Amino acid sequence: MRKDRRSLAAALAVLALLVVAAPARAADEAAAGAGAAAAAEPPAVGLTAADVKGITAPSSDDLAKGDPGGTLTGSAADIVMADPKAGLTLADVVNQVGQNRIAVNFVWTLVAGFLVMFMQAGFALVETGLCRAKNANHTMMMNFMVYGFGLFAYWVMGFAIQQGGSAGISNLGGMNPLNNEFKLSLFGKDWGLFGTKGFFLSGESYDVGVMVLFLFQMVFMDTATTIVTGAAAERWKFAAFAISTFFLGAITYPLFGNWAWGGGWLSQLGANFKLGHGYCDFAGSGVVHSVGGLTALAVAMIIGARIGKYNRDGSPNPIPGHDITMVLLGCFILAFGWFGFNPGSTLGASGNGSLRIGSIAVNTMLAGCTGSFGALLYMWMRFGKPDASMSGNGLLAGLVAITAPSGFVNTVGAAIIGFSAGVLVCLSVEFLERVMKIDDPVGATSVHGTCGLWGVLCVGLFADGTSNYGGSWNGVDGSVTGLFYGDAGQFVAQLIGVCTLVGVIFTLSYVFNAFIDFFVGQRVSVDVELEGLDLPEMGALGYPEFQLVTPGLGRSIEIGG
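Residues numbered from 1 in each chain as written. Predicted model: local features only at pLDDT ≥ 70, side-chain atom pairs only at ≥ 80, totals over all residues. Heavy atoms only, no water.

Attention shifts here to the packing of helix α12 (residues 388–403) against helix α14 (residues 444–462). It is at 8 Å that the axes of α12 and α14 come closest, and there the two elements cross at 35°. Of the two possible hands of crossing, α12 and α14 adopt the one that is right-handed. Side by side, α12 and α14 meet where N393, L396, A397, V400 and A401 of the first sit next to V447, H448, C451, G452, W454 and G455 of the second. Residue composition of the contact of α12 with α14, by class: seven nonpolar, four polar and no charged. (Axes fitted to C-alpha atoms, helices over the stretch in contact; angles between N-to-C directions. Helix = DSSP H or I, 4+ residues; strand = E, 2+ residues; numbered from the N terminus. Left-handed = near helix turned anticlockwise from the far one by under 90°. Contact = heavy atoms within 4.5 Å. Nonpolar A, V, L, I, M, F, W, Y, C, P; charged D, E, K, R; others polar.)

With that settled, consider the packing of helix α5 (residues 136–163) against helix α6 (residues 208–231). Direction vectors running N to C along α5 and α6 enclose 130°, while the axes themselves pass 8 Å from each other. Classified by the angle between their axes, α5 and α6 sit oblique to one another. The way α5 lies across α6 gives a crossing that is right-handed. Note on element contacts: α6 touches α5 through V210, L213, F214, Q217, M218, M221, D222, T225, T226 and T229, opposite M142, N143, V146, Y147, G150, L151, Y154, W155, F159, Q162 and Q163. For the contact of α5 with α6, the per-class residue count stands at twelve nonpolar, eight polar and one charged. (Parallel < 35°, antiparallel > 145°, perpendicular 65-115°, else oblique.)

This brings us to the packing of aromatic side chains. For the structure shown, the criterion picks out 32 aromatic pairs. Ring centres 5.0 Å apart and planes at 90° place the aromatic pair F518 and F519 in the edge-to-face group. With respect to class, F518 is no different from F519; both count as exposed. Ring-pair connections join several aromatic residues into one group, and the members of that group are F187, W191, F256, W259, W265, F273 and Y279. (Phe/Tyr/Trp six-rings, centres within 6.5 Å; stacked < 30°, edge-to-face > 60°. Buried < 20%, exposed > 50% of the residue type's maximum accessible area, 1.4 Å probe, protein only.)

All chains considered together, the criterion is met by eight salt bridges. Among the ionic pairs, R132 bridges to E234, the shortest N-O distance being 3.1 Å. Of this pair, R132 sits in the loop between α4 (90–129) and α5 while E234 sits in the loop between α6 and α7 (238–261); the two residues are 102 residues apart in sequence, bridging distant segments of the chain. The same class applies to R132 as to E234, namely buried. Between R382 and E430 there is a salt bridge, and its shortest N-O distance comes to 2.8 Å. A residue pair is termed long-range when its members are at least 10 positions apart, and R382 in helix α11 (residues 357–383) and E430 in helix α13 (residues 411–435) qualify at 48 residues. Bridged by salt links that share partners, the residues R132, E234, R306 and D439 form one connected network. (Salt bridge = Lys/Arg side-chain N within 4 Å of Asp/Glu carboxyl O.)

Where strand β1 (residues 181–186) meets strand β2 (residues 189–195), six bridges bridge the pair, whose relative direction is antiparallel. The partner of E181 across the bridge, within β2, is G195. (Pairing = 2+ DSSP bridges.)

Residues W236, Y253, F256 and F408 are the most contacted members of the largest nonpolar core, which totals 114 residues. Of the residues forming this core, the biggest block, 13 residues, is contributed by α6. Ignoring anything within four residues of it in the chain, the contact list for W236 reads H138, M142, V228, T229, F241, S244, V299, I303, Q522, V524, L533 and E537. Listed in part, the six residues of the second largest apolar core include V52, I55, L88 and V93. (Core = buried A, V, L, I, M, F, W, Y, C linked by side-chain atoms within 4.5 Å.)

Structure follows, in structure tokens:
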């Protein structure tokens, strides 16, 4: 048996050498010139069909005795044969190697997507805990149904607009059915605007790899849509929320997602205009968080502040949430889910530099940690006490800021990015509340909008030029390198991305939500807001024991916050 196992190990090792050496030999032959035939070069070590057929597997008798060391399980007997009558062939072995690599990437990407989906629970807890008890049911229901509304819109058309022209993702088998991007030709260059393949995931897009990509991208879209619910909580009509969410999942988010990730014009700023590697956003500080945060800002501006938030002189009043325990638990769930968000954005764990998932995970962890430090220290020095809710927002701010640069920076850069975001979120909350008079109950605009934009810029500053994913990014050879490491062009590309987010995405979101306000109305009535949205909007209280009904009046009086 030892001889058989040594023969099997030797054969597979030789096969691996051949697979690895094949691309290099092909490149050498091409370089020799098309005019001269490459000289036949006998391999130093060969593997023939006879060698493959000579490989034996552990017997059923040996396997029946158990395999406590794991040395017998998984052998040539487990390789799928195209023709069992012909026996094991070299083609069978090579194809199994290729499918195993794609299978590893499929499983990694799906599991990462499942983690990101679980973040929805974290958002629900954070937002509900930071709102008053009389609105708990309504806030929870927005976080619950944003998943369904957004998913449906993304399945119908959002995914096609975003990824319909993104063929070439080798980690997931190529994505070959997604092969049509609508483009305009300007200045002699192609400008990709949106994809046209993948509507309803039907036709050619009925493909195993496309399904994996859809699930992963869909939960990212869901994250963007749920950001808005926090900024508009405690006064947003449920019907208006549903319409706004559908538009965001079907059009606004997919458009910017295409420009950044689907082969659109922002990603081609490097190839077309020599601006670094074009707009780079590894896991979505811009695509996910800035899009969601800027949409939240637009809705909050249209919908106005909560009753009682501002005095006649314009000074703000605090409106505390009802459950800080729920808030901090939600923050921990979000931090856990972020390990799917950032490392999962390699779309694989095998090949093309995907083993960097460990570095990305550590960067994510560090930035969240230092983000909470930054917010806690700022609040402690400014107000004399550490603030629990802002410490939680600092954690999230650090995670948001590291999302775009997580795949391109080292641990020192990640710590700096996180700490600066923790301070920045506190400054942004104060500025929006005191200067712009924007009432955002959970700080969603600051956490995701402000710190998302900061994360986009951080790619252009802190990318250290060591992460070489398959040799290129956005069609430009070499590693992404920021201003602090010698490439000013990359910072310019990131700045163009920020301007696009603020100038195009925010404007589009504001205009569409203004239409909703005109035709449907975004805000509940004064009576409904004072009573709480749970009963009037949802028909049931989140905490029935927290409210008493006054005899003879039929009105509820809140007693629980």
